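Residue strings, one per chain:
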Amino acid sequence: AALVGVPSLEVAAWSVLGPGESGAFVLDARQGEVYLARYARRDDALEVRAAPAALPLARLGPHLVTGEPVWVDERARTLALPEGLDLRDAPT
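As the structure is a prediction and not an experimental result, all values here were calculated from the model.

Asks: Mind showing me how you'd approach the pairing of strand β1 (residues 22-30) here?
Replies: Every regular strand shows the same layout, with side chains that alternate between the two sheet faces. Bridge analysis of β1 against strand β2 (residues 33-41) gives eight bridges, and the strand direction is antiparallel. Paired with Asp 28 across the two strands is Val 34, which belongs to β2. Here β1 folds back onto β2 in antiparallel fashion, the turn holding two residues, of which Gln 31 has a positive phi close to 55°. Strand direction decides the pairing type here: β1 and strand β4 (residues 70-72), joined by three bridges, are parallel. Residue pairing for β4: Val 26 is matched across the bridge by Val 72.

And the structure:
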């Protein structure tokens, strides 16, 4: 059997997004940075809207879409995230 590497954030996105849904994933990268990725789910595929990247917390806001849910890990919930986000618990 062939092995295929799949980024963990893609696995998380596939598990929580239904067909036609989109969302962002924010994880605490520590030292004032976060990991961010955005995805949209199609019937049989996952569209990467923003590839996983580390960025300073202060620059997170412009990378998020108003009204789009944001899945965060436990540590990211303690950060000063932009207000008004639809925060949800990231799958573990």
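Asks: Just to check I follow, could you spell out unusual backbone geometry for this structure?
Replies: Leave glycine aside and you will find that most residues have negative phi; peptide bonds, for their part, are mostly trans. Positive phi, close to 70°, is recorded for Arg 30, a residue that is not glycine. Checked against the element boundaries, Arg 30 lands in strand β1. Within the chain, Gln 31 stands out as a residue other than glycine whose phi angle is a positive 55°. Tracing the backbone shows Gln 31 in the loop between β1 and β2. A relative accessible area of 83% means that Gln 31 is categorised as exposed.

Asks: Explain the environment of Ala 80 to me, please; I cannot follow it from the model alone.
Replies: Checked against the element boundaries, Ala 80 lands in the loop between α2 (74-77) and β5 (87-89). In sequence terms Ala 80 and Leu 17 are 63 residues apart; their C-alpha atoms lie 25 Å from each other.

Asks: Whenever I open this one, the pattern of salt bridges confuses me. Can you help?
Replies: A side chain with one charge can pair with a side chain of the opposite charge if their charged atoms come near. By the definition in use, this model includes six salt bridges. For Arg 42, the salt bridge is made with Glu 47, and the minimal N-O distance between the two is 2.5 Å. Given a relative accessible area of 34%, Arg 42 falls into the partly exposed group. Glu 47 gets classed as partly exposed once you look at its relative accessible area, which sits at 31%. With a shortest N-O distance of 2.9 Å, Arg 77 and Asp 89 are connected by a salt bridge. A residue pair is termed long-range when its members are at least 10 positions apart, and Arg 77 in helix α2 and Asp 89 in strand β5 qualify at twelve residues. Taken together, the salt bridges that share partners define one network made up of Arg 42, Glu 47 and Arg 49.

Cut-offs used in this document
- Residues numbered from 1 in each chain as written.
- Predicted model: local features only at pLDDT ≥ 70, side-chain atom pairs only at ≥ 80, totals over all residues.
- Heavy atoms only, no water.
- Pairing = 2+ DSSP bridges.
- Helix = DSSP H or I, 4+ residues; strand = E, 2+ residues; numbered from the N terminus.
- Buried < 20%, exposed > 50% of the residue type's maximum accessible area, 1.4 Å probe, protein only.
- Salt bridge = Lys/Arg side-chain N within 4 Å of Asp/Glu carboxyl O.

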